[in-house]
Amino acid sequence: MSSLIRVSIIISCVLCFSNSTLAQDYKHSAGIRLGTYVAGSFKTFISEKQAVELIAGIGREGGNSITTVGGFYQVHNAFAADTPTLKWYFGGGAFIGLGNSDIKTNVALAGIIGLEYTFDTTPINIFIDGTPYLSLTNDFAFDAEASLGVRYIF
């Protein structure tokens, strides 16, 4: 079953079983990120504009499996006054990638910049972001990744 079908099923189930109306802001959310890696995401706000996101996922590189864990500190800002549920964010963090015997362990420092839209009447938000990173242990290389995702707000 493709990732797109899985995400569609999850969104449909959440929309069907949700009966609460939300304000524009939220405290916690959890969901899935799709990109270079398929990852779980948990985000919590530590102040009105500041959040911490924890990520754990799996991916493939050259036929080898990679497990990643990491986190970001993020600052959220309004994107447009007439769309208060659309926010842009930026921040930084770090992650570690653990591969099998063919891939070295990788530690990296990363930045993040993205857009997040929270629905007014459904406890769901969607996001897209880019993550440039500097690998500190794998040939000291600079690279970037992008992710698209959905989170359930609670």
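Thresholds, definitions, all that
- Residues numbered from 1 in each chain as written.
- Predicted model: local features only at pLDDT ≥ 70, side-chain atom pairs only at ≥ 80, totals over all residues.
- Heavy atoms only, no water.
- Pairing = 2+ DSSP bridges.
- Helix = DSSP H or I, 4+ residues; strand = E, 2+ residues; numbered from the N terminus.
- Core = buried A, V, L, I, M, F, W, Y, C linked by side-chain atoms within 4.5 Å.
- Buried < 20%, exposed > 50% of the residue type's maximum accessible area, 1.4 Å probe, protein only.
- Phe/Tyr/Trp six-rings, centres within 6.5 Å; stacked < 30°, edge-to-face > 60°.
- Lys NZ or Arg CZ within 6 Å of the ring centre and 35° of its normal.
- Polar contact = N/O pair within 3.5 Å; in protein donor to acceptor, adjacent residues only side chain to side chain.
- Axes fitted to C-alpha atoms, helices over the stretch in contact; angles between N-to-C directions.
- Contact = heavy atoms within 4.5 Å.
- pLDDT = per-residue confidence, 0-100.

1. Notes on the pairing of strand β8 (residues 142–153)
- In terms of strand pairing, strand β1 (residues 28–35) meets β8 through 7 bridges, oriented antiparallel. Among the inter-strand pairings, Arg33 is bridged to a residue of β8, identified as Gly149.
- When strand β7 (residues 124–135) meets β8, the two strands line up antiparallel, connected through 11 bridges. Bridge assignment links Asn125 to a residue of β8, and that residue is Arg151.

2. Notes on the nonpolar core
- Within the largest apolar cluster, 10 residues are counted, these being Ala39, Ile55, Phe72, Tyr89, Phe95, Ala108, Ala110, Ile112, Phe127 and Tyr133.
- Counting only elements with at least two residues in this core, the list comes to β5 (83–99), β6 (106–118) and β7.
- Tallying contributions element by element places β6 first for this core, with 3 residues.

3. Looking at the packing of aromatic side chains
- Tallied over the full model, the rule gives 5 aromatic pairs.
- Aromatic pair Phe42 and Phe154: ring centres 6.3 Å apart, planes at 35°, arrangement tilted. Of this pair, Phe42 sits in strand β2 (residues 37–45) while Phe154 sits in the segment after β8, placing them 112 residues apart in sequence.
- Using a relative accessible area of 30% as the deciding quantity, one classes Phe42 as partly exposed.
- Sitting over the face of the ring of Tyr89, Lys43 holds its NZ or CZ atom 4.5 Å from the ring centroid.

4. A few points about the environment of Arg151
- Tracing the sequence through the fold places Arg151 in strand β8.
- The sequence separation of Arg151 and Lys43 amounts to 108 residues, and the corresponding C-alpha distance is 8.9 Å.
- Engagement of the side chain of Arg151 in a polar contact is seen with the side chain of Ser41, the distance being 3.1 Å.
- Looking at Arg151, its side chain comes within polar contact range of the side chain of Glu116, at 3.0 Å.

5. Here's the deal with the sheet that holds β1
- Overall, antiparallel pairing links the 8 strands, which are arranged β1-β2-β3-β4-β5-β6-β7-β8 in a closed barrel. The mean inter-strand angle of the sheet, taken between neighbouring strand axes irrespective of direction, is 25°.
- Bridge analysis of strand β3 (residues 50–61) against strand β4 (residues 64–80) gives 12 bridges, and the strand direction is antiparallel. Looking across to β4, one finds that Val52 is bridged to Tyr73.

6. As for the side chain of Gln74
- Looking at where Gln74 falls in the secondary structure, it is placed in strand β4.
- A residue is classified by how much of its surface remains accessible, and Gln74, at 0% relative accessible area, is buried.
- Looking at Gln74, its side chain comes within polar contact range of the side chain of Lys43, at 2.8 Å.
- What Gln74 contacts, discounting residues up to four positions off in sequence, is Lys43, Lys49, Gln50, Ala51, Glu53, Tyr89, Phe90, Gly91 and Ile112.

7. Describing the confidence of the model for the chain
- This prediction gives the chain a mean pLDDT of 86; 82% of its residues lie at or above 70.
- Taken as a whole, residues 14–24 scores under 50 in pLDDT and shows 17 contacts with residues more than four places along the chain or in a different chain.

8. A short note on the environment of Leu54
- Mapped onto the elements, Leu54 comes out in strand β3.
- Under the relative-accessibility criterion, Leu54 is labelled partly exposed at 47%.
- The spacing of Leu54 and Ala39 is 15 residues in sequence and 9.9 Å in space, taken between C-alpha atoms.
- Apart from the residues within four sequence positions on either side, Leu54 is in contact with Gly40, Ser41, Phe42, Gly70 and Gly71.

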